[in-house]
Amino acid sequence: MAVKIKTNDKHIQALAEIVGSPRLILFHQEDLIAYDCDGFTLHKHLPKAVVFPKDTQEVSRLVRYCSDNDLPFLARGAGTGLSGGAIPVNGEVIISLVKMKRLLSVDFENRRAVVEPGYVNLKLTNSISDKGYYYAPDPSSQYCCTIGGNVAENAGGAHCLKYGVTTNHILGLEVVLPNGDIIDIGQNGIQDAPGYDLLGLLTGSEGTLGIVTKITVRILKNPEAKQTVLAYFDKVIDGSQAVSDIISAGIVPAALEMMDKTAIEGVEAAAFPVGHPKDIEAVLLIEVDGISAGIEEQINQILEVCKNRNVREVRAARDEQERGRWWANRKTGFGAMGAISADYLVQDGVIPRSKLPEVLSRINKISEESGLRIANIFHAGDGNLHPLVLFDARIPGQSEKALAAGSACLQVCADVGGTITGEHGVGIEKKEEMRFVFNDEEIIAQTNVRDVFNTKNLLNAGKLFPSPGRCVEIKKEMKAAAAQ
Amino acid sequence: MIEATNQWSIKDILPEDQILIEELLHPLGNNGRVTVFPKTEEEIANVLRYANDTGEKVTVMAGGTKRGYGGLTETADILLSLANYQGIVEHTVGDMTVTVKAGTPFKELAAYLAQHSQKISLDPAWPEYATIGGVIAANDSGPKRLGYGSARDVVIGLRMIYPDGTIIRAGGRTVKNVAGYDMNKLFIGAMGTLGVISEVTLKLRPLAKFESLVLLTFPETNSEQVRTFATSLLDSMLEPVSMELLSPSLSERLIGKNGYTLAIAFEDVESSVHYQEEFIKKNQPVHTDLAILQQQDARGFWEQFYKIGPSGAETTVNKETEASLKIGVVNMDVIKVIQESQTLKDSHNLVAEAHGGLGHGLCQVNLKGASEDVVSAIQQLRDSAVQLGGYAVVKHLPFTLRSKVDVWGGKPSHFFLMQGIKEKVDPNGVLNEKRFVGGI
């Protein structure tokens, strides 16, 4: 036994041997508490252990050990996920990828970079910005979330209206499969490799198909110019009409964000206030980027559109500092709710843009009926809504009420032809809500795919799909019986 | 006119006028002993269910442009044609999304959307014949992929009919969606081996307010100059939607200039387009020839461009063998692929026309000549692509030659996963047998 740790558990000893140091494994209860949940804090469960592999080979050996010994396991990055995808509901061994955090290579000529999964999102942009390049997906947590986690969740961000979400920027993945085998897909970052698009399937699979150990991403050249407009509306309906008008005018903004009255109250009470008036119903943040010669025309058009929709005040950012302040105010919007509420629950519905006024009024109704305030922060351009249900967990029954209100918001999104999650993932939080958008056959079609990769279902089990789904299980058995 | 007596079952499923028995075998293969033309999703599902129950094999087609793309069986039992399964299901102008039946020709769809100043940002070959379902199933893309991405970037929802007749919806109607696995990705480019695409939902873009095309022709001898210029352009603030390198032979045919030509397209507000044109004029490399086509002229060029490769729907019989390859390499290696293609004219006595995107690394090489020369050239091009770390897929080749070159170029190391998926979805192997990678 090379690694000396105090345990009678042969599995923990064996896992410690693989990572090779007592400092790279946690297994005492007091150390494990930090890992009992992620950004979704309403459910907690202790893992069996947390291990910190240094490279792909170690990940592979850890996975193989877990698989051979029927130990449930899952991968974790920075733990910023908002749907509970990294919560060890089965007492998993957590394979933390935070020690695998190197930027392995950057190839400017071919516009790609290779990173390890624990590499922090924003670090990539920071390390290539001197050459005029950046990495496009920008979730609000980008200063601390990892690119490995972004791949698992297919993370979005404020700028995905024009530039797409994580999946549109992934060119290659090295993956440790649930049995420990290592595969390399999208080799050399070359697109359209023959065969099924496993790259696309794995991205957003919430850590249920494999563990990503190396990622080739696309990097982009900074746009020559960008300009941001802020617009205040007395009526939320005018704000949402302005959103539609901007898009209908043939403008593709880089970002088109909206906050409602309650959200404004929150961000103005928090760390980055910018002086939004408190009596307006909606603020829009609209960013256009591209060739400098074309920006002014588009900005003028946007100003015109807003004026036609009874805007109270609209103007472009005076300088980069002001633009930065506006964005800091918006990007810290979720956390800002802490300034006006003891607790809050973030939801992540998506709707066809044209349904915005209807959905907002129905969410208002949910708020009234539940007696809980709901703030709305959303990526209005692509219809991705983040209702923030404000509550106080110390008051008995409020957590349950908040969960129910959040779920009701998702039902509204599904009802109008939308979906239950745009960028936060299903995790454990929304797995029952999967039934709002998929029927049994469609869920089976997905679990069938999972079974090809995750044959023993030891990797991140109990996520993403409705549980136990009696109906689903029975149909599955019937199908299996019919096939024999 | 139905003579065969063993077709009674399929006749129970579809009216007689939707069934055709084709006596002649098409030289590109992917035939069916019987061709069926369902008009509804239910009819498609019934045909598949019938085949799944009786053990018959089904091959799927619509416009027929990709008939020569893969497939090692000359004749399946049923050729399922989606040619009569057309039309727009829903177009929400304000949401900029459209749902359309798979058999709708791409050009027809584009013309309809243009009335609303919108477009699908894909530029596939043969848009008048190619259907949206076929474009998605074969993951076809064109030079403007540089600016707009490919099928995987624009398809937001699919309605699939599984081989057992079950309808499976993937994705949805919103532009952002991470509910469950991204099943759309599995079906895009799967060559119809996992299910029949019934409806496609796409996100749309506004039609460009202005477009232009800068054609920059370099002397044939100087490829280093191409590389230097392309690299500097990609590193500039310019936002070309295409940066396609044309081989001298292709350049000669399209614009009458014998030299390596860069086709650099801009689509934006007018001031931005002119600004970018000016940038290129100012930085024009020595000894190059520059032409700028705007608006209608630019569109005219692209219309011709999309017809340069062979089409499986072509009815005129060609004595020479035609082939087309899709080659994927790291971006700048495109220059090497295009150069090598140019040498095939002399080394293999072939007509070889090639183009490739310096921003995305995908090339297409079209070959015409004696069949043994075509086969040998395919092998040579593939060897080179593999040496560069890339791949070569044969997009078009007569049926008899397809067994001589592996259309997909071997199996990837993780092939077992693909095979596992196929077996789960299509356990009886009903759909498009041996059409895809590794005999899937």
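Thresholds, definitions, all that
- Residues numbered from 1 in each chain as written.
- Chains lettered and ligands numbered in written order.
- Predicted model: local features only at pLDDT ≥ 70, side-chain atom pairs only at ≥ 80, totals over all residues.
- Helix = DSSP H or I, 4+ residues; strand = E, 2+ residues; numbered from the N terminus.
- Contact = placed C-beta atoms within 7 Å.
- Nonpolar A, V, L, I, M, F, W, Y, C, P; charged D, E, K, R; others polar.
- Domains from an automatic or database assignment.
- Pairing = 2+ DSSP bridges.
- Axes fitted to C-alpha atoms, helices over the stretch in contact; angles between N-to-C directions.
- Parallel < 35°, antiparallel > 145°, perpendicular 65-115°, else oblique.
- Left-handed = near helix turned anticlockwise from the far one by under 90°.
- Buried ≥ 20, exposed ≤ 12 C-beta atoms within 10 Å, placed from the backbone.

With an unreviewed UniProt entry as reference, chain A is termed FAD-binding protein, source organism Peribacillus saganii.

A few words now on unusual backbone geometry. Backbone geometry places Asp70 of chain A, a non-glycine residue, at a positive phi of 55°. Topologically, Asp70 of chain A is positioned in the loop between α3 (56-68) and β3 (73-76).

With that settled, consider the interface of chain A and chain B. Size of an interface, as often reported, equals the accessible area lost when the parts are brought together. Listed as interface residues are 72 residues of chain A and, on the opposing side, 66 residues of chain B. The element contributing the most residues to the side of chain A that touches chain B is helix α16 (residues 440-453) of chain A, with eight residues. Looking at the side of chain A that touches chain B residue by residue, the class counts come to 29 nonpolar, 31 polar and twelve charged.

All right, on to the domain arrangement of chain B then. Residues and elements named next belong to chain B. We note that the domain assignment places domain 1 (15-81), domain 2 (88-206), domain 3 (210-305) and domain 4 (321-402) within chain B. Relative placement of domain 2 and domain 3: their C-alpha centres are 29 Å apart. The interface of domain 2 with domain 3 comprises six residues on the first partner and eight residues on the second.

The next subject is the sheet that holds strand β1 (residues 25-26) of chain A. Residues and elements named next belong to chain A. Pairing is mixed in the open sheet, where four strands are placed in the order β1-β2-β4-β3. This sheet does not close on itself; its edge strands, each paired only once, are β1 and β3. Of the pairings in the sheet, the one linking β3 to strand β4 (residues 93-96) comprises four bridges and is parallel in character. Looking across to β4, one finds that Leu74 is bridged to Ile94. Strands β2 (49-51), β3 and β4 of the sheet are contacted by α3, whose axis makes an angle of about 170° with β4.

Two measures define how a pair of helices packs: the angle their axes make with one another and the distance between the axes. Residue and element names in this part refer to chain A. Packing of helix α1 (residues 10-19) against α3 brings their axes to within 9 Å, and their N-to-C directions diverge by 165°. By the angle class used here, α1 and α3 are roughly antiparallel. α3 is crossed by α1, and the crossing has right-handed handedness. The segment α1 lies against α3, with Ala14, Leu15, Ile18 and Val19 engaging Glu58, Arg61, Leu62 and Tyr65. Partitioned by chemical class, the residues of the contact of α1 with α3 number six nonpolar, no polar and two charged.

Another aspect to go through is the pairing of strand β16 (residues 321-328) of chain B. Residue and element names in this part refer to chain B. Most of β16 is tucked away: eight of the eight residues are buried. Residues Thr321, Ala323, Leu325 and Ile327 line one face of β16 and the alternating positions Glu322, Ser324, Lys326 and Gly328 line the opposite face, and both faces are buried. The pairing of β16 with strand β18 (residues 362-369) spans eight bridges and is antiparallel. Each bridged residue has a counterpart across the sheet, and for Leu325 the counterpart in β18 is Val365.

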